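Below are the chains, spelled out letter by letter.
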Amino acid sequence: MPGHIEVCKFPEKGLRDKVFDLLNELSGREPELGDQRSLGPMMSAPLPVSLKAHMVFLRRNLNDPHWFRVSADLLHETVAMLGDLLGNPEAQGVSTYGGSESNLTALYALREAGYESVIVPRSAHTSVFKACRVLRMRIFVADVDEELRVVPESVRAIVRETKDNSAILLTAGNTETGVIDDVRAVHDLVPDTPILVDAAFGGLIAPFIRGTRKLPDFDFRIDSVVALSLDGHKTGLTPIPSGILLFGMEDLYNNVVFESEYMGSEKQLSLLWTRTAASVASLWASIKYLGREGFEKIYGECMRIADYAYERLLSEGFSPTRPELPLICIRHHELSGIELLWRLRKIGWYVYSCPSLGGVKITIMPHVTKEIIDAFIDDLVRIAKDIRSSTTLNN
Ligand code: 0PR
């Protein structure tokens, strides 16, 4: 049984239909992404229409466009809609499992184009560091400010100092504070260096809340942005897996197009061979179902709740980061973030930390209501009081 350390033999006889009951029992024992108490991950429950699309296209191979023409068309339509949203209707793109595979694929395409190193802010997602390790690319780490946003001058200094042929990778919605790197400021300082944007979190939120608040630019409207990734399973309300990597330059895209002679004359896209079309069908369905109007409504509401959480946390004596996207790192000047985190986890709050700032991270995704936030902050305040009074007693 999962969760037990024991030798598990390959069964002699099948359990037949009993496996259905076993599955029900086992899956009831752990939380689901998008549960009420799931506040850490940048994930929510999928839209029913997206889940349906996922199930329907699960057994279609996106990497065999000869037989699965419809699936291939869904990819092209999804890429076109996202390119339109993000400033380049001509963008080409591939499906990925999610943010990590997008980062790996984008960096691979750049490495093949002759870029042997990459400059990344300290706040880039760990999958970027992992990808560079796999690809044996050198990493130069740029400084970030107190919100963990890249310091553009630090990037320029690295470009000037290094003799390497470097590219830059920036984040639109980083993992710990959710802020968007000022991609335009970096472009203005080093206009000839190509920029990849990891918009796994912000790609499908920022365009929909821009009307009501000022956000840094990060998309293809900036000349040196050559690739941009975003995730359906983070903010497109799809099941996992669902990532899209867009390329603004044909040469880079061609680096992830492969021959597949034995399967016919069609090309293979991206780093995997067999790939379920569920990933794109689910995102295609979410976009068609919601449209711009639907996304604006959903993420407008997430931001309203995030602003509410920010104000209430301030009034309760915490030091939250101001939410640029619906994500907050909560700190307290006297209390350890790690202790808060473990106490919250102990009572069932599925939260993560923001280790660079020593706090607890919450993401206000579409399943998170004001009532959930109030219940969470009530618990947080109680825990903080508890820790403080036990520290006073011990002294
Ligand atoms: N880029 C950024 C900015 C990310 O925050 C992440 C993951 C990735 C790339 C990697 O994406 P994939 O996980 O799709 O490869 N951020 C998620 C988060 O912090 C990771 C995650 C997801 C963690 C689900 C826990 C979890 O239950 O929410």
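These lines cover the structure that appears in this document, whether it is placed above or below.

The rules behind these values
Within each chain, residues carry numbers counting from 1 in the order of the written sequence. Where local features are concerned, this predicted model is filtered to residues with pLDDT of at least 70; where side-chain atom pairs are given and counted, the filter is 80 or more; whole-chain, interface and lining totals use all residues. Values reported for side chains reflect all heavy atoms of the structure, with hydrogen atoms and water molecules removed beforehand. Between any two strands, at least two bridges found by DSSP are needed for them to pair. Strands here are runs of E lasting at least two residues and helices are runs of H or I lasting at least four, both read from the DSSP assignment and numbered beginning at the N terminus. We call a residue near a molecule or strand when any one of its heavy atoms sits within 4 Å of it. Under the rule applied, a polar contact is a pair of N or O atoms within 3.5 Å (in protein, one hydrogen donor and one hydrogen acceptor; residues adjacent in sequence only if both atoms are side-chain atoms). Residue-level accessible areas treat just the shown protein chains as cover; the underlying method is Shrake-Rupley with a 1.4 Å probe. Polar here means any residue outside two lists: the nonpolar Ala, Val, Leu, Ile, Met, Phe, Trp, Tyr, Cys and Pro, and the charged Asp, Glu, Lys and Arg; Gly therefore counts as polar. Note that the domain bounds were set by an automatic or database domain assignment. Throughout, disulfides are identified as pairs of cysteine sulfur atoms within 2.5 Å of each other. Exposure is judged per residue with a 1.4 Å probe applied to protein chains only, and the accessible area is read against the type maximum: over 50% gives exposed, under 20% gives buried, and values in between give partly exposed.

## Considering the sheet that holds strand β10 (residues 319-320)
- Strand order across the open sheet formed by four strands is β10-β11-β13-β12, with antiparallel pairing between neighbours. Every other strand in the sheet has two partners, leaving β10 and β12 (352-354) as the edge strands with one partner each.
- Two elements, β10 and strand β11 (residues 327-331), share two bridges in a ladder whose sense is antiparallel. In the strand pairing of β11, serine 319 is matched with arginine 331.

## What to know about the site of the ligand
- Near the ligand there are 20 residues, and of these Met42, Ser100, Asp198, Lys234 and Tyr350 occur at the shortest range.
- Residue methionine 42 places a main-chain N or O atom 2.8 Å away from an oxygen atom belonging to the ligand.
- Separating an oxygen atom of the ligand from a side-chain N or O atom of lysine 361 is a distance of 3.2 Å.
- About the coverage of the ligand: the protein hides 82% of its 590 Å² of free accessible area.
- When residues of the shell around the ligand are traced back to their parent elements, those giving at least two are α4 (99-112) and α9 (232-235).
- Its residues assigned to classes, the shell around the ligand comprises seven nonpolar, nine polar and four charged.
- Both domain 1 (48-288) and domain 2 (291-389) contribute no fewer than three residues apiece to the shell around the ligand.

## What about the state of the cysteines?
- Per the counting criterion, the structure on display carries one disulfide.
- Across the disulfide, cysteine 329 is cross-linked to cysteine 354 (sulfur-sulfur distance 2.1 Å). Across the S-S bond of cysteine 329 and cysteine 354 the torsion is about 85°, and the bridge reads as right-handed. With a gap of 25 residues between them, cysteine 329 in strand β11 and cysteine 354 in strand β12 connect regions that are remote in the sequence.
- The exposure class of cysteine 329 is buried, given its relative accessible area of 0%.
- Its relative accessible area of 0% is what places cysteine 354 among the buried residues.

Note that all results are geometric; they support no functional claim without further evidence.
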